[in-house]
Amino acid sequence: MSYPVTGQSGWPSYVAPPPPSALPVVDREYHHFWRTPAWRWWRPVLALLAFGFAFLVVQVIVLVVAIAIDASTGRVPLDEFFNDASTGVIKATPVFFLANNVGLAALIPVSLLLGWLVFGQRPRWLSSVVGGIRWAWLARCFLVLLPLWIVYLGFDTWMSYRSAGTLDLKFTSDTWLLVIGILLTTPFQAAGEEYAFRGFISRATSSFFRWPKVGLIVSTIVSSTLFMLAHAAGDAWLNLFYFSFGAIASVMAWRTGGLEAAIAMHVVNNVLSEMLLPFQNIEGMFDRSAGVAGPMVLIGVAVPLVGMGLIEWQARRHHIVRVSAPARDALSAPAQPAPVWGPPPPAWSPVPPAPAPWSPPANTWPPAHDRQGPSPQGDDPRHDVT
């Protein structure tokens, strides 16, 4: 469709309408930020399919590299690895653990780039509704959540020591590799899962629904279920923990307008829970089979709920922005048309030209009605014969 505008010639010319905005033109919450004038039903479908494919490719690449390194160094021969894999239990090694972290951290650029390519929003808009990470707010979230998790994991460690009688801590040849690897990769691994599940998947799912509250409920259920399944746990208590953790993180993103609070909670939880790994045998760290957990997991469900309450308190206190419409001003601004097609101005005018001002004609003496005929010398009275 095109719209007539007045061109420089005064005649109508035609311009194409501006393309629909890829950014919200009315206030949108974080989970509904991809529901814009440019939204089409095929965009979230394509986005989710492309994300699933990219996720599998990245995970296969990094894990194949890790398996090759372990096999070449003799730590885990290939036949032993395949035997373990056939039973559903994979022995973790430092290289395998760090490769898994790197693969999950790679979900950050995957999510940012696919969101840009499919939905047309620059990568910074996936972090928050203001377009980028709010670093001061992220730091505040860390400060609020860190003491809570120190108390929680300290209590959990004490309970483990009380039940087993020992923590079996010792230095090994892999201790420093794990210490450095955890500090460098685990924060990005946790952030990668937030960008993937609370960011990309949640927004893509929510965009199917016109009503924000419906989109919030459905996207929270879908993203939390996928988050739970991605951990491949066979234990019901662990699945409860993973699902509830994902749901709480989704609510945090909704209530704060960004991923900062969810990232802070995930990073604090993972880094602190891995503090003792460099001094332990980590072969069974990926064992999530039935029976490995119990009702104590409910404490792990309650702690993020308390953390969510603290984040809500701080968000209200500091007036954290949770909705925005970046393209609202562009929508209300007057258009600046540029002609793209239209007929050239016609050479004729349907309106007759205005008459010229009257002036007496020259050399008209004597008047025409007094003339007797043409004079060979012309009409000049000086040549008249009387």
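Computed from a predicted structure; not experimentally measured. (Residues numbered from 1 in each chain as written. Predicted model: local features only at pLDDT ≥ 70, side-chain atom pairs only at ≥ 80, totals over all residues. Heavy atoms only, no water.)

Chemist: With reference to specific residues and values, describe the overall build of the protein chain.
Modeler: Check the secondary structure of the protein chain and you find 11 helices and four strands. By residue count, 40% of the 386 residues in the protein chain fall in the buried class. Intrachain contacts of the protein chain at a sequence separation of at least 6 include 79% that bridge at least 24 residues. For the protein chain, the exposed surface amounts to about 21900 Å²; the carbon and sulfur share of it is 68%. (Helix = DSSP H or I, 4+ residues; strand = E, 2+ residues; numbered from the N terminus. Buried < 20%, exposed > 50% of the residue type's maximum accessible area, 1.4 Å probe, protein only. Contact = heavy atoms within 4.5 Å. Areas by Shrake-Rupley, 256 points an atom, 1.4 Å probe, with all protein chains shown as cover.)

Chemist: Explain the side chain of Gln189 to me, and be specific about the residues and the numbers.
Modeler: Tracing the chain through its elements places Gln189 in helix H6 (residues 175-206). Polar contacts involving the side chain of Gln189 include one to the side chain of Glu193, which spans 2.8 Å. (Polar contact = N/O pair within 3.5 Å; in protein donor to acceptor, adjacent residues only side chain to side chain.)

Chemist: Residues and numbers for the nonpolar core, please.
Modeler: Within the largest apolar cluster, 61 residues are counted, with the highest numbers of intra-cluster contacts made by Phe51, Trp149, Tyr195, Tyr242, Met265 and Ile311. For this core, the elements supplying multiple residues, two or more each, are helix H1 (42-72), helix H4 (107-119), helix H5 (135-164), H6, helix H7 (212-230), helix H8 (236-256), helix H9 (260-273) and helix H10 (297-317). A per-element tally of this core places H9 first, with nine residues. Setting aside its immediate chain neighbours within four residues, Tyr195 contacts Ile108, Ser111, Leu112, Leu126, Ser127, Ile133, Phe200, Leu259 and Ile263. (Core = buried A, V, L, I, M, F, W, Y, C linked by side-chain atoms within 4.5 Å.)

Chemist: Quick rundown of the packing of H5 against H10? Include the residues and the values.
Modeler: Axis separation between H5 and H10 bottoms out at 10 Å; the angle between their running directions is 155°. Between H5 and H10, the angle is such that the two are roughly antiparallel. Of the two elements, H5 crosses H10, and the hand of that crossing is right-handed. Between H5, through Trp137, Arg140, Cys141, Val144, Leu145, Leu148, Trp149, Tyr152 and Phe155, and H10, the contact on the second element is made entirely by Ile299, Gly300, Val303, Pro304, Val306, Gly307, Leu310, Ile311, Gln314 and Ala315. Here the contact of H5 with H10 is composed, by residue class, of 15 nonpolar, three polar and one charged. (Axes fitted to C-alpha atoms, helices over the stretch in contact; angles between N-to-C directions. Parallel < 35°, antiparallel > 145°, perpendicular 65-115°, else oblique. Left-handed = near helix turned anticlockwise from the far one by under 90°. Nonpolar A, V, L, I, M, F, W, Y, C, P; charged D, E, K, R; others polar.)

Chemist: Go over the pattern of salt bridges, please, and point to the residues and values.
Modeler: The tally for this structure, following the rule as stated, stands at eight salt bridges. Of the charged contacts in the structure, one is a salt bridge between Arg322 and Glu29, with a shortest N-O distance of 3.1 Å. Linking Arg322 in the loop between H10 and strand E4 (323-324) with Glu29 in strand E3 (residues 28-29), this pair joins segments that are 293 residues apart in sequence. Given a relative accessible area of 22%, Arg322 falls into the partly exposed group. The closest approach of N and O atoms between Arg134 and Glu260, which form a salt bridge, is 2.9 Å. With Arg134 in the loop between H4 and H5 and Glu260 in helix H9, this residue pair connects regions lying 126 residues apart in the sequence. Across the pair, exposure class does not vary: Arg134 and Glu260 are buried alike. Via salt bridges that share partners, Arg255, Glu312 and Arg316 belong to a single interconnected network. (Salt bridge = Lys/Arg side-chain N within 4 Å of Asp/Glu carboxyl O.)

Chemist: With reference to specific residues and values, describe H7.
Modeler: The first and last C-alpha atoms of H7 sit 26 Å apart over 19 residues, in line with the 27 Å expected at 1.5 Å per residue. All of the buried residues in H7 are Gly215, Leu216, Ser219, Thr220, Ser223, Ser224, Phe227 and Met228. Residues of H7 that are buried sit in contact with H6, H8 and H9. Of the residues flanking the end of H7, it is Ala232, one or two places downstream, whose phi is positive at about 50°. (Expected span 1.5 Å × (residues − 1).)

Chemist: Could you give me a rundown of the packing of aromatic side chains, with the residues and numbers involved?
Modeler: Scanning the model with the defined rule gives 12 aromatic pairs in all. Ring geometry for Phe33 versus Trp125: centroids 5.8 Å apart, planes at 25°, classification stacked. A residue pair is termed long-range when its members are at least 10 positions apart, and Phe33 in the loop between E3 and H1 and Trp125 in the loop between H4 and H5 qualify at 92 residues. Residue class for Phe33 comes out buried when judged on its relative accessible area of 0%. Residue placement shows Arg35 over the ring face of Trp39; its charged tip is 4.2 Å from the ring centre. Over the ring of Trp254 we find Arg255, and its NZ or CZ is 5.3 Å from the ring centre. (Phe/Tyr/Trp six-rings, centres within 6.5 Å; stacked < 30°, edge-to-face > 60°. Lys NZ or Arg CZ within 6 Å of the ring centre and 35° of its normal.)

Chemist: Tell me about the confidence of the model for the protein chain, and name the residues and values.
Modeler: For the protein chain, the average pLDDT comes to 87, and 81% of its residues sit at 70 or higher. Taken together, the stretch residues 375-386 has pLDDT below 50 and engages in five contacts with residues farther than four places along the chain or on a different chain. (pLDDT = per-residue confidence, 0-100.)

Chemist: Go over H6 with me, naming the residues and quoting the values.
Modeler: With 32 residues, H6 ought to run about 46 Å at 1.5 Å a step, and its terminal C-alpha atoms sit 43 Å apart, in line with that. Along H6, the sharpest kink reaches roughly 35°, centred on Ile182. A large share of H6 lies buried, amounting to 24 of its 32 residues. (Bend = angle between axes of the 7 residues up to and from the residue.)

Chemist: Now, about the side chain of Ser250: what can you tell me, with residues and values included?
Modeler: Structurally, Ser250 is set in helix H8. Sequence-distant contacts of Ser250, that is, excluding residues within four places in its chain, are made with Arg198, Thr220, Ser223 and Ser224.

Chemist: Explain a nonpolar patch on the surface residue by residue, including any values.
Modeler: A cluster of nonpolar side chains, contributed by Trp41, Trp42, Val45, Leu46, Leu48, Leu49 and Phe208, occupies part of the molecular surface with about 690 Å² of accessible area. Residue placement: Val45 occurs in helix H1. Assessed through its relative accessible area of 34%, Val45 is described here as partly exposed. (Patch = residues over 30% accessible without salt bridge, like charges linked within 9 Å, V, L, I, M, F, W, Y side chains within 5 Å.)

Chemist: Run through the environment of Phe200, naming residues and quoting values.
Modeler: Inspection of the secondary structure puts Phe200 in helix H6. Setting aside anything within four residues of it in sequence, one finds Phe200 in contact with Trp34, Ala47, Leu48, Phe51, Ser111, Leu114, Gly115, Leu126 and Tyr195.

Chemist: Explain unusual backbone geometry to me, using residue names and the numbers behind them.
Modeler: Even without glycine at this site, Asp168 takes up a positive phi of about 55°. Mapped onto the fold, Asp168 is located in the loop between H5 and H6. A positive phi angle, near 50°, is found at Ala232, a position not held by glycine. Tracing the backbone shows Ala232 in the loop between H7 and H8. For Ala232, a relative accessible area of 62% puts it in the exposed group.

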